[in-house]
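Given next are the chains, with one letter for each unit.
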Amino acid sequence: MSPSRQIVLRVAVFALGFRIVSAILALLVNLVFPLDRPLQFTVFADASPFWDTFARYDSGYFQGIAWDGYSPAAGGRSNIAYFPVYPMLIRFVGRLFGRHHATYYIAAIAIAWVSFVLAMVVLYYLARLDLPRRRAERAVLMIAIFPFAFFFGVAYSESTFLLFALLAFYLFRIKRWVLGGLCGAVATATRVPGIMMLPALAWVAWRSSTDARDRALAAFGVALAASGFAAYCTYIYVLTGHPFEWAATLQRWGYYPGGAPWLAPVRLVGNLVTHPYLYLTTERMAPYDTLYGVTGLLFAAATPFVWRRFGAHYGLFMLMNLWLPLSSGVFEGMGRYCSVLFPCFIWLATIRSRWIYTAIVVVFAMFYTLGLALFTTVHPLF
């Protein structure tokens, strides 16, 4: 076996092994600690201390879409807020093994795991375009143990989105415009923030294309990447008569993107600076908002360094994907948004100081365990 294949195999085995260890840890947490709230749903008819750890919160919506399709509710909350690639994959894989709710949940978990393993391999190849081998492997480790990376192993769409976003960037970087555009289309039809990757892909296309034919193919690739988002909006228009009804549904859940992105961070910093103990001990959501908010602030602070080290395409990707959640005025979901910001983890892999690198790994691992335990016991980490 060639050295490059050995490295890829090592990355894949590490990714799979990490998911297995995380699953065992989640089982132990579920056995030892009480749930913060009653289960919303279970994988099987009866509660399972192992399988139910993979299915919390949004997992039920993904399984429901795979089972029954989209159900728009006029003027109310609806599952059309969830983009279609992941639930459609669940439907396809689930039906291969029979039409049972548990089969669909297990299919959702399997898709997440396979996507994660493949995403780690693609991340390694993408990082190798800018970094030596050992630092590219560091990038894989960094993203795997990120405090909110447990979402990659549960019935959520994060790992599927990460896989196709990485593929889009990698293929654009090596000038495979059409294939990159197809992967970008899958990514933009997987999660709402997917559309925020288009400025970064357009920058790569503009800076890397050479002659007129190459520029035309690059522009086509960018347009193709946007087609996944456009296709879902078209479907929603046919279904409801309003192409952005999915956005209206998000607003009914309390998300209002488009505001000033600094308002929520300024409010959080004010609370932590003026009365941190009182804030953390008297407001129920304060610990969770602090975890999310500090994470968002750290990624925002890292964006200029990423931009300077690797270029505008990675900086734009981070900037746009941070602006969207921060402009909503709430921190809910910030951990998931940051978990897919792969340029930051590639940048962290460039840190030369062994002490700083080790400290980051230790802190990441500590808070990964905390986040996994909170999610498993149904605390409000969404």
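Everything discussed here concerns the structure shown above.
Note that this is a predicted model, so its numbers are computed, not measured.

Q: Honestly, the overall build of the protein in this entry has me stumped. Any pointers?
A: Looking only at helices and strands, one finds 17 helices and zero strands in the protein. Here the protein has a C-alpha radius of gyration of 20 Å; the compact-globule value for 382 residues is 21 Å, and the two agree. C-alpha extents for the protein along the principal axes are approximately 60 × 55 × 50 Å. Within the protein, the proportion of its 382 residues that are buried is 54%. For the protein, the proportion of contacts with a sequence separation of at least 24, taken over those separated by at least 6, is 73%. Carbon together with sulfur atoms contributes 68% to the accessible area of the protein, which is approximately 16900 Å² in total. Looking at the protein, you have 29 positive and 14 negative side-chain charges, and the mean spots of the two groups are 12 Å apart.

Q: Hey, could you run me through helix H14 (residues 312–326) in this one?
A: A rise of 1.5 Å per residue sets the reference length of H14, with its 15 residues, at 21 Å; its end C-alpha atoms lie 20 Å apart and thus fit the reference within 8%. Of all 15 residues in H14, twelve are buried, a share of seventy percent or more. Taken residue by residue, H14 has Ala312, His313, Tyr314, Gly315, Leu316, Phe317, Met318, Asn321, Leu322, Leu324, Pro325 and Leu326 as its buried positions.

Q: What exactly am I supposed to notice about the side chain of Ser59 here?
A: Note on placement: Ser59 falls in helix H2 (residues 59–68). A residue is classified by how much of its surface remains accessible, and Ser59, at 1% relative accessible area, is buried. Leave out the neighbours within four places in its chain, and Ser59 touches Phe41, Phe54, Tyr105, Ala155 and Tyr156.

Q: Quick question: what am I supposed to make of the pattern of salt bridges here?
A: Close approach of charged atoms allows side chains of opposite charge to pair. The tally for this structure, following the rule as stated, stands at eight salt bridges. One salt bridge in this structure joins Arg191 and Glu158, with 2.9 Å as the shortest N-O distance. Of this pair, Arg191 sits in the loop between helix H7 (177–188) and helix H8 (198–208) while Glu158 is found in helix H6 (residues 158–173), placing the two residues 33 residues apart along the sequence. Take Glu158: its relative accessible area is 0%, and that puts it in the buried class. Between Arg252 and Glu245 there is a salt bridge, with its nearest N and O atoms 2.9 Å apart. The network of salt bridges with shared partners includes Asp58, Glu158, Arg191 and Arg336.

Q: Help me understand the packing of helix H1 (residues 3–32) against helix H17 (residues 354–376), please; the structure alone is not making it clear to me.
A: Between two packed helices, the angle of one axis relative to the other and the distance separating the axes together describe the packing. Where H1 meets H17, the axes come as close as 9 Å, and the angle between the chain directions of the two elements is 55 degrees. Of the possible angle classes, the one that applies to H1 and H17 is oblique. Classified by chirality, the crossing of H17 by H1 is right-handed. Contacts between H1 and H17 involve Phe18, Arg19, Ser22, Leu25, Ala26, Val29 and Asn30 from the first element and Tyr368, Thr369, Leu372, Ala373 and Thr376 from the second. Split into classes, the residues belonging to the contact of H1 with H17 amount to seven nonpolar, four polar and one charged.

Q: What exactly am I supposed to notice about the packing of helix H5 (residues 133–144) against H17 here?
A: With their axes 9 Å apart at the nearest point, H5 and H17 run at an angle of 30 degrees to one another. Compared by their axis directions, H5 and H17 come out roughly parallel. The segment H5 lies against H17, with Arg138, Leu141, Met142 and Ala144 engaging Tyr357, Ile360, Val361, Phe364 and Tyr368.

Q: Would you take a moment to explain the packing of aromatic side chains for this structure?
A: Two descriptors summarise a pair of aromatic rings, namely the distance from one centre to the other and the angle between the planes of the rings. Evaluation of the coordinates by the stated rule reveals 47 aromatic pairs. Ring centres of Trp67 and Tyr104 lie 5.2 Å apart, and the angle between their planes is 65 degrees; on these two criteria the pair is classed as edge-to-face. With Trp67 in helix H2 and Tyr104 in helix H4 (residues 101–128), this pair connects stretches of sequence that are 37 residues apart. Since its relative accessible area comes to 17%, Trp67 is described here as buried. When the ring centre of Trp67 is taken as origin, the NZ or CZ atom of Arg99, which lies over that ring, is 4.0 Å away. Taking NZ or CZ as reference, Arg138 lies 3.9 Å from the ring centre of Tyr357, over its face.

Q: Which parts of the structure should I look at to understand the nonpolar core?
A: One recurring pattern in soluble globular proteins is that nonpolar side chains are buried together. Met120, Leu162, Phe169, Phe299, Phe342 and Ile346 are the most contacted members of the largest nonpolar core, which has 95 residues in total. Residues in contact with Phe299, not counting those within four places in the same chain, are Phe146, Met318, Leu322, Cys338, Leu341, Cys344 and Phe345. Among the nonpolar cores identified, the runner-up in size contains 26 residues, and Phe62, Ala81, Ile111 and Ala112 belong to it.

Q: Just to check I follow, could you spell out the side chain of Ser115 for this structure?
A: Within the fold, Ser115 resides in helix H4. Setting aside anything within four residues of it in sequence, one finds Ser115 in contact with Ser159, Thr160 and Leu163.

Q: Explanation requested: a nonpolar patch on the surface in the structure shown.
A: A cluster of nonpolar side chains, Leu16, Ile20, Ile24, Leu28, Leu31, Val32 and Phe33, forms an exposed patch at the surface whose accessible area comes to about 670 Å². Within the secondary structure, Leu16 sits in helix H1.

Q: How should I be thinking about unusual backbone geometry in this particular structure?
A: It is generally the case that most residues other than glycine have a negative phi and that most peptide bonds are trans. For Lys175, which is not a glycine, the phi torsion comes out positive at approximately 65 degrees. The backbone of Val378 shows a phi angle near 60 degrees, a positive value even though the residue is not glycine. Of note, Val378 is situated in the segment after H17. On the basis of relative accessibility, which here comes to 2%, the residue Val378 falls in the buried class.

The rules behind these values
Residues numbered from 1 in each chain as written. Predicted model: local features only at pLDDT ≥ 70, side-chain atom pairs only at ≥ 80, totals over all residues. Heavy atoms only, no water. Helix = DSSP H or I, 4+ residues; strand = E, 2+ residues; numbered from the N terminus. Rg over C-alpha atoms; globule rule 2.2 N^0.38 Å. Buried < 20%, exposed > 50% of the residue type's maximum accessible area, 1.4 Å probe, protein only. Contact = heavy atoms within 4.5 Å. Areas by Shrake-Rupley, 256 points an atom, 1.4 Å probe, with all protein chains shown as cover. Lys, Arg positive; Asp, Glu negative; His and termini not counted. Charge placed at Lys NZ, Arg CZ, Asp CG, Glu CD. Expected span 1.5 Å × (residues − 1). Salt bridge = Lys/Arg side-chain N within 4 Å of Asp/Glu carboxyl O. Axes fitted to C-alpha atoms, helices over the stretch in contact; angles between N-to-C directions. Parallel < 35°, antiparallel > 145°, perpendicular 65-115°, else oblique. Left-handed = near helix turned anticlockwise from the far one by under 90°. Nonpolar A, V, L, I, M, F, W, Y, C, P; charged D, E, K, R; others polar. Phe/Tyr/Trp six-rings, centres within 6.5 Å; stacked < 30°, edge-to-face > 60°. Lys NZ or Arg CZ within 6 Å of the ring centre and 35° of its normal. Core = buried A, V, L, I, M, F, W, Y, C linked by side-chain atoms within 4.5 Å. Patch = residues over 30% accessible without salt bridge, like charges linked within 9 Å, V, L, I, M, F, W, Y side chains within 5 Å.

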